[in-house]
Amino acid sequence: MPALDDFQLSVEEAAAVGKALETEKPWDWKSEDQNELQALKSAKDKILAYHLARHGGNCCYCRLNLNGAGPYMTDREHILPKGKPVYKPFSYAIWNLAAACKRCNMQFKRSGDGFVLDADDSTKFQDSNNYRFVHPNFDAYSEHLIRLEAQVDTKNIVVFVKKAGSEKAIYTHDFFALHELQVDSFDKAQGLEGETPETDLAAKVRRLAKQFDQ
Ligand SMILES: [Zn+2]
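Residues numbered from 1 in each chain as written. Predicted model: local features only at pLDDT ≥ 70, side-chain atom pairs only at ≥ 80, totals over all residues.

Looking at an unreviewed UniProt entry, one finds the protein chain named HNH endonuclease, with Rhizobium rosettiformans as its source organism.

Turning our eyes to something else, we now look at the sheet that holds strand β5 (residues 183-184). By way of backbone hydrogen bonds, the strands of a sheet pair with one another, either parallel or antiparallel. Reading across from one edge, β3-β4-β5 is the order of the 3 strands in this open sheet, with antiparallel pairing throughout. One side of each edge strand has no neighbouring strand; the edge strands of this open sheet are β3 (145-152) and β5. Pairing geometry for strand β4 (residues 155-162) and β5, over 2 bridges, is antiparallel. Across the sheet, Val158 pairs through a bridge with Val183, a residue of β5. (Pairing = 2+ DSSP bridges. Helix = DSSP H or I, 4+ residues; strand = E, 2+ residues; numbered from the N terminus.)

If you look at the biggest cluster of nonpolar residues, it comprises 41 residues, and the most contacted ones within it are Cys59, Tyr61, Cys62, Ala100, Cys101 and Cys104. Where this core is concerned, the elements lending two or more residues are α1 (11-20), α2 (34-54), β2 (97-101), β3 and β4. For this core, the two domains that each supply at least three residues are domain 1 (4-137) and domain 2 (143-212). (Core = buried A, V, L, I, M, F, W, Y, C linked by C-beta atoms within 7 Å. Buried ≥ 20, exposed ≤ 12 C-beta atoms within 10 Å, placed from the backbone. Domains from an automatic or database assignment.)

It is worth spelling out the domain arrangement of the protein chain at this point. According to the domain assignment, the protein chain contains domain 1 (4-137) and domain 2 (143-212). On a C-alpha basis, the centroid separation for the pair domain 1 and domain 2 is 29 Å. Residue-level contacts link 9 residues of domain 1 with 11 residues of domain 2. Looking at side-chain class alone, the side of domain 1 that touches domain 2 contains 7 nonpolar, no polar and 2 charged residues. (Contact = placed C-beta atoms within 7 Å. Nonpolar A, V, L, I, M, F, W, Y, C, P; charged D, E, K, R; others polar.)

And the structure:
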């Protein structure tokens, strides 16, 4: 997993970001200079690729696999929303960006900031404790939540395990309605008799869920 400190923009990209930050809407700013416009697009592409890599190609909130999913399913996500004036200076801060699925970003995260404890003191914005949910960059997801999943053709099993004692696990699970994503369409009864590779796979997921859930 690439470290936060490893992220680097080219000189041109950094200059374009610097100019964008001086504008009213830094993230949506469109330069009339083609080179600058291109440099900003390149910076945004780099940010997305970097954050996808940090989470193995999965959504930072629900762990949906986004490998190959493309722009209709994947969003560059501003953790502190870019619309509020106090957060604007962090529109391009690498620690404030992540890659999320459309569902998490558009349906649940949106532009609110109820997940921030102190939304006024910017010295706390880089502190994990200032966030009610599992922060994509300051927290290790698997210390709070684990998504277990198997799919064979049209059959799926998806289980979320909340780590005992983690308040962030409970908050994140509720905030993104992760229970909606849980499913088990493998035939459990069949799994008890003859072990087909499919039911065996589902049984493995159920076993792991039990194992982690303590
Ligand atoms: Zn998601």
